[in-house]
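Residues per chain are reported as follows:
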Amino acid sequence: PFADLNPGPGLVLPLHSPALLRAMEGTSSMVGPRLRRLGMRGFSAVELMVVVGIIGILAAIGIPSLFTYLRAARLTAGALEVKTLLNVARQEAIRRNDSICVEYLNQQIRLRQATCGGTVVTLPGTDANGWFPLANGIDLSGATANVVFTYLGAASTPGQLTVRNQTNAQTATVTVASSGRITIP
C-alpha cells in the first residue's frame with residue numbers, strides 16, 4: 001500500500017503527511033489483532049482463582065505470626081506501662097520530698113506516701129482507692145517486697161516485678177535498682 005507514496009529520490013514524506021496517513025488507515029499497527037483483543041477481555045476465572053489461592057496461602061502463613069507478634073507486643077506494652085508507673089512513683093517521691101511505696105496487686109498498682117501503710121496517693125488515672133489499673137490483660141507479681149523510693153529518687157527497697165501476659169503466660173521482668181534506675185532486661 002505504500003508503493004504510491006514514493007516521492008522520488010532524496011525526498012522524505014513528513015510523518016504527518018496526509019498521503020502517509022491515508023495509506024496507513026487500512027493497515028495494522030505494530031500490535032497485532034490478537035494482542036488488541038487480549039487487552040480488552042479482562043481476567044479469566046482461572047486467573048482470578050489462582051490469585052485468590054495465592055492470597056489464601058500467604059494469609060495462612062502470616063496469620064499465626066501476626067498473633068505471636070500481638071501477644072509479644074501486649075507483654076512489652078505491659079512491661080513498659082509498669083516501668084512508667086514506677087517512674088511516676090519515683091518522681092512523686094522527689095516532688096513530695098518524702099518516701100513513696102509502690103504496692104501491687106494482680107492487675108493494679110497503688111502508691112502510698114511515707115511508708116507502705118501510709119496515705120494513699122491519688123493521681124490522674126487512679127480510681128477512688130488510688131489504684132492504677134494495668135491494661136492489656138497483664139498480671140503483676142514480685143519476688144521481693146514492695147518497692148520504696150526515697151526523697152532523693154533512690155530505692156531503699158529495690159526489687160523485681162514480673163509482668164505476665166494472661167493469654168500465653170509469657171513473662172517479662174522489670175527491675176528497680178537501689179539507685180532508683182528502672183530497667184526491662
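These lines cover the structure that appears in this document, whether it is placed above or below. Computed from a predicted structure; not experimentally measured.

1. With respect to the overall build of the protein chain
Move 1: Helix and strand counts for the protein chain come out as three helices and ten strands.
Move 2: Along the protein chain, from the amino end to the carboxyl end, the secondary structure elements read α-α-α-β-β-β-β-β-β-β-β-β-β.
Move 3: Out of the 185 residues belonging to the protein chain, those deemed buried represent 27%.
Move 4: In the protein chain, the share of contacts with a sequence separation of at least 24, taken over all contacts with a separation of at least 6, comes to 50%.
Move 5: As displayed, the protein chain has an accessible area near 11,900 Å², and 62% of this comes from carbon and sulfur atoms.

2. A look at the state of the cysteines
Move 1: The full count for this structure, using the stated rule, is one disulfide.
Move 2: Sulfur-sulfur distance for the disulfide between Cys101 and Cys116 comes to 2.0 Å. Judged by the sign of its S-S torsion, about 85°, the bond between Cys101 and Cys116 is right-handed. Remark: Cys116 occurs in the loop between strand S2 (108-113) and strand S3 (120-121) and Cys101 occurs in strand S1 (residues 100-105); sequence separation between them is 15 residues.
Move 3: By relative accessible area, Cys116 is classed as partly exposed at 29%.

3. Remarks on the side chain of Asn165
Move 1: For Asn165, the position within the fold is in strand S8 (residues 159-165).
Move 2: Look at Asn165 and you get buried, because its relative accessible area is 0%.
Move 3: Among the polar contacts listed, one links the side chain of Asn165 to the side chain of Thr167, at a separation of 2.9 Å.
Move 4: Excluding residues within four positions of it along the chain, Asn165 makes contact with Arg71, Arg74, Leu75, Gly137, Ile138 and Gln170.

4. Quick word on the pattern of salt bridges
Should the charged atoms of two oppositely charged side chains come close, the side chains can pair.
Move 1: Counted under the stated rule, the structure contains five salt bridges.
Move 2: Between Glu103 and Arg112 there is a salt bridge, with its nearest N and O atoms 2.9 Å apart. For the pair Glu103 and Arg112, one class covers both residues: buried.
Move 3: For Arg164, the salt bridge goes to Asp139, with nearest N and O atoms at 2.7 Å. Placement of Arg164 in strand S8 and of Asp139 in strand S5 (residues 138-142) is noted, with a sequence separation of 25 residues between them.
Move 4: For Asp139, a relative accessible area of 15% puts it in the buried group.
Move 5: One network of salt bridges, with partners in common, ties together Glu92, Arg95 and Arg96.

5. A word on the environment of Ala135
Move 1: Tracing the sequence through the fold places Ala135 in the loop between strand S4 (131-133) and S5.
Move 2: Once the C-alpha coordinates of Ala135 and Glu81 are considered, the two residues, 54 residues apart in sequence, prove to be 8.3 Å apart.

6. Points about the sheet that holds S5
Move 1: The four strands are arranged S5-S8-S9-S10 in an open sheet whose pairing can be described as antiparallel. Across the chains shown, the open sheet's two edge strands, defined by having one partner strand only, are S5 and strand S10 (182-183).
Move 2: Inspection of the sheet shows S5 paired to S8 by five bridges, in the antiparallel sense. By the bridge assignment for S8, Ile138 is matched with Asn165.
Move 3: Along the sheet face, helix H3 (residues 45-96) touches S5, S8, strand S9 (171-176) and S10 and points at about 145° away from the line of S8.

7. Remarks on H3
Move 1: Here H3 contains 52 residues, and its C-alpha end-to-end distance of 72 Å stays within 8% of the 76 Å for a straight helix at 1.5 Å per residue.
Move 2: Along H3, the sharpest change in direction is near 30° and occurs at Gly62; proline Pro64 comes one to four residues later.
Move 3: Of the residues flanking the end of H3, it is Asn97, one or two places downstream, whose phi is positive at about 55°.

8. Things to note about the nonpolar core
Move 1: Core analysis: the biggest nonpolar cluster contains 27 residues, and Val82, Leu86, Ile109, Leu111 and Phe149 have the highest contact counts within it.
Move 2: A total of seven residues in this core trace back to one element, the largest contributor, which is H3.

9. A look at the pairing of S2
Note on strand geometry: in a regular strand, side chains alternate between the two faces of the sheet.
Move 1: Two strands pair when backbone bridges link them, and S1 and S2 are joined in this way by six bridges, in the antiparallel orientation. Bridge pairing in S2 places Tyr104 opposite Ile109.
Move 2: Here S1 folds back onto S2, and the loop between the two strands holds two residues, one of which, Asn106, carries a positive phi near 50°.
Move 3: Where S2 and S4 come together, three bridges link them in antiparallel fashion.

Procedures and definitions
- Residues numbered from 1 in each chain as written.
- Predicted model: local features only at pLDDT ≥ 70, side-chain atom pairs only at ≥ 80, totals over all residues.
- Heavy atoms only, no water.
- Helix = DSSP H or I, 4+ residues; strand = E, 2+ residues; numbered from the N terminus.
- Buried < 20%, exposed > 50% of the residue type's maximum accessible area, 1.4 Å probe, protein only.
- Contact = heavy atoms within 4.5 Å.
- Areas by Shrake-Rupley, 256 points an atom, 1.4 Å probe, with all protein chains shown as cover.
- Disulfide = S-S within 2.5 Å.
- Polar contact = N/O pair within 3.5 Å; in protein donor to acceptor, adjacent residues only side chain to side chain.
- Salt bridge = Lys/Arg side-chain N within 4 Å of Asp/Glu carboxyl O.
- Pairing = 2+ DSSP bridges.
- Axes fitted to C-alpha atoms, helices over the stretch in contact; angles between N-to-C directions.
- Expected span 1.5 Å × (residues − 1).
- Bend = angle between axes of the 7 residues up to and from the residue.
- Core = buried A, V, L, I, M, F, W, Y, C linked by side-chain atoms within 4.5 Å.

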